[in-house]
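A closer look at the structure
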Amino acid sequence: MKTIFHVDMDAFFVSVEELFDPSLKGKAVVVGGPKDARGVVSAASYEARKFGVHSAMPLRTAGKLCPHAIFLNGHPDRYRDYSHKVHAVLNEFSPKVEMASVDEAYMDLSGTERLLGPPLQAAHLLHHRMKQVTGLNCSVGIATSRLVAKVSSDQAKPNGILWIQPGLEANFLAPLDVRRIPGVGKVTEQKLKDYGIRKVGDLARLEESFLRRRFGQWGLALAGKSHGMDAGSWFDGDIGDNDEPKSISHEHTFDVDTAEPLELEATLARLMEKVARRLREHELHANIVHLKLRYKDFTTLTRSKTLPQSTQLDHELIAESRHLFRQAWDGKTPIRLIGSGVSGFEAHEGQLGLLDSEKNQRARQALAAVDRIRDKYGEKSVKLATGLTADHAERVHENPVGLPGKHPKDKSK
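Computed from a prediction, not measured in an experiment: that's the story for all the values here.

Quick look at the pattern of salt bridges
Scanning the model with the defined rule gives 20 salt bridges in all. Across the salt bridge formed by Asp 257 and Arg 38, the nearest N and O atoms sit 2.4 Å from each other. Taken together, the positions of Asp 257 in strand E9 (residues 247–258) and Arg 38 in the loop between strand E2 (29–31) and strand E3 (43–44) put the pair 219 residues apart, joining distant regions of the chain. The class for Arg 38 is buried, based on a relative accessible area of 12%.

Observations regarding the sheet that holds E2
As summarised here, the arrangement of the three strands in space is E3-E2-E4, forming an open sheet in which the pairing is mixed. Unpaired on one side and paired on the other, E3 and strand E4 (70–72) mark the two borders of the sheet. Judged from the three bridges that link them, E2 and E4 form a sheet pairing that is parallel. Bridging from a neighbouring strand, Val 30 pairs with Phe 71 of E4. Packed on one face of the sheet, helix H1 (residues 12–20) meets E2, E3 and E4 and runs near 110° to E2.

Observations concerning helix H9 (residues 186–194)
By the burial criterion, the buried members of H9 are Thr 188, Glu 189 and Leu 192. The buried residues of H9 occupy an angular sector of 100° when the element is viewed end-on, so they sit on one face. Turned more than 90 degrees away from the buried face of H9 sit Lys 186, Val 187 and Asp 194, all of them exposed. Buried residues belonging to H9 abut helix H10 (200–204), helix H11 (208–215) and helix H12 (217–226). At the C-terminal side of H9, Gly 196 shows a positive phi close to 80°.

Looking at the packing of helix H4 (residues 76–93) against helix H6 (residues 119–134)
It is the contact of H4 with H6, at a shortest axis distance of 10 Å, that shows an interaxial angle of 145°. Here the hand of the crossing between H4 and H6 comes out right-handed. Contacts between H4 and H6 involve Tyr 82, Lys 85, Val 86, Val 89, Leu 90, Glu 92 and Phe 93 from the former and Ala 122, Leu 125, Leu 126, Arg 129, Met 130, Val 133 and Thr 134 from the latter. Of the residues that constitute the contact of H4 with H6, the class distribution is ten nonpolar, one polar and three charged.

Some details on the sheet that holds strand E6 (residues 104–108)
Ordered by their spatial adjacency, five strands build an open sheet running E5-E6-E1-E7-E8, and the pairing between neighbours is mixed. Edge positions in the sheet fall to strand E5 (97–101) and strand E8 (161–163), since each of these pairs with one other strand and no more. Within the sheet, the average angular offset between the axes of one strand and its neighbour, ignoring direction, is 15°. Pairing between strand E7 (residues 138–143) and E8: three bridges, direction parallel. From the neighbouring strand, Gly 141 faces E8, where its bridge partner is Leu 162.

Looking at the nonpolar core
Within the largest apolar cluster, 34 residues are counted, with the highest numbers of intra-cluster contacts made by Phe 5, Val 7, Phe 12, Leu 90, Met 107 and Leu 126. For this core, the elements supplying multiple residues, two or more each, are strand E1 (4–9), H1, E2, H4, E5, E6, H6 and E7. Broken down by element, the residue count for this core peaks at six residues, all from H4. Sequence-distant contacts of Phe 12, defined by excluding residues within four places in its chain, comprise Tyr 79, Tyr 82, Ser 83, Val 102, Asp 103 and Leu 136. In this structure, Leu 293, Leu 307, Phe 325 and Trp 329 belong to the second largest nonpolar core, which totals 27 residues.

Remarks on the packing of aromatic side chains
Taken as a whole and judged by the stated rule, the model has seven aromatic pairs. Relative to Trp 329, the ring of Phe 325 lies with its centre 5.3 Å away and its plane at 20°, an arrangement referred to as stacked. Comparing Phe 325 with Trp 329 shows no difference in burial state: the two are buried. A network of ring pairs unites the aromatic residues Phe 12, Phe 13 and Tyr 79 as a single cluster. Directly above the aromatic system of Tyr 46 lies the positively charged group of Arg 49, at a separation of 4.2 Å from the ring centroid. When the ring centre of Phe 20 is taken as origin, the NZ or CZ atom of Arg 78, which lies over that ring, is 3.9 Å away.

Concerning the environment of Ile 248
Looking at where Ile 248 falls in the secondary structure, it is placed in strand E9. Counting along the chain gives 38 residues from Ile 248 to Ala 286, while the straight-line C-alpha distance between them is 9.4 Å. In this view, Ile 248 contacts Val 275, Arg 278, Leu 279, His 282, Ser 340, Gly 341, Val 342 and Phe 345; residues no more than four positions away in its chain are not counted.

A closer look at the environment of Gly 74
Within the secondary structure, Gly 74 sits in the loop between E4 and H4. Linking Gly 74 and Val 30, residues 44 residues apart in sequence, is a C-alpha distance of 9.1 Å.

Re the pairing of E7
Each regular strand carries side chains that alternate between the two faces of the sheet. Burial of E7 is extensive: six of the six residues sit out of reach of the surface. What you see with E7 is no split at all: Cys 138, Val 140 and Ile 142 on one side and Ser 139, Gly 141 and Ala 143 on the other are buried throughout. Pairing geometry for E1 and E7, over six bridges, is antiparallel. If you follow Val 7 over to E7, its bridge partner there is Val 140. As for the winding sense of the linkage, the β-α-β connection from E7 through helix H7 (residues 146–156) to E8 is left-handed.

What counts and what doesn't
Residues numbered from 1 in each chain as written. Predicted model: local features only at pLDDT ≥ 70, side-chain atom pairs only at ≥ 80, totals over all residues. Heavy atoms only, no water. Salt bridge = Lys/Arg side-chain N within 4 Å of Asp/Glu carboxyl O. Helix = DSSP H or I, 4+ residues; strand = E, 2+ residues; numbered from the N terminus. Buried < 20%, exposed > 50% of the residue type's maximum accessible area, 1.4 Å probe, protein only. Pairing = 2+ DSSP bridges. Contact = heavy atoms within 4.5 Å. Axes fitted to C-alpha atoms, helices over the stretch in contact; angles between N-to-C directions. Arc of directions from axis to C-beta. Left-handed = near helix turned anticlockwise from the far one by under 90°. Nonpolar A, V, L, I, M, F, W, Y, C, P; charged D, E, K, R; others polar. Core = buried A, V, L, I, M, F, W, Y, C linked by side-chain atoms within 4.5 Å. Phe/Tyr/Trp six-rings, centres within 6.5 Å; stacked < 30°, edge-to-face > 60°. Lys NZ or Arg CZ within 6 Å of the ring centre and 35° of its normal. Right-handed = clockwise from strand over helix to strand, strands pointing away.

And the structure:
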């Protein structure tokens, strides 16, 4: 029987800000940007949540709900630093740790009872150690599966521990809204409600054949999830064994819609720089480049292109994304959001000619040096000239570069 912990740092971005500015404690604080800016809330203090503010909410909505809140842009470099501290603490308790994001992780503590004691005792030790080392609080969910551990950690917030004992998983989930199942979004929730399915227990009582007819393979995964099992997508495989990304992307929402070509292309280049940096961090090469454009009326256009050979080099990916952009955009319609991404990963670069191979080797060496500087001094310390004028803030809710456990060297330790 497995013992899985889901550790979720409480109001992580806000809590880190409070360490640097104790005057924020006990106040309504929102991290993500100014209250009149576009974009979304990355985190809200529990005082702000009392007014209905929550993560992923538009900042302008949060500003209306809680106008007296303190709105902060945030400090991504600080969050990365503390994420590494969190990861170090987790590694003291188990070698099987998987960071799901900058502020949450799964741990496999199966077989550690002789060393750490029963699950509740281990969780209390973890609580104490996390506070001692980082100054931060966390909530811990304990179960036999990642899915139930994740749901239970949310129920334990703030700064709590909840252990769902073996055999009680379905009973625990049954009274919860179906939306509480990881992976069930608004669209799926509405489809389930159309069939009279509002609670997880309603879902659990349905035949798998019915769910498969209505939802295909996702229906089978839903059937398993409703009984507390890890089923489908990111829950496949063991903790830490298969956490490589299937795609990497970054996007930016402009404060004011723009049709300025230089600003748009500079922003696109800066986004692709971050994408390429994460490719190198994972030691991957991409075969497909993606472009995303969103207009004022929220009409969204996407384009993709398969490359002649896989790459992880900034200048090659920027050139391909720029080509996609120039083909897709009419040159006059103002753009609200622009995004770039890659997929189709390989472990090695595509076959090149001798001259190209030598040129790419020099580029790799230069970019490796640039990455080392960024590791030490932050992501803004070095930029390519093509993206130099795109001085937009890094979105703190994105999974950025430099996260613990995501670099091959981290995994080998």
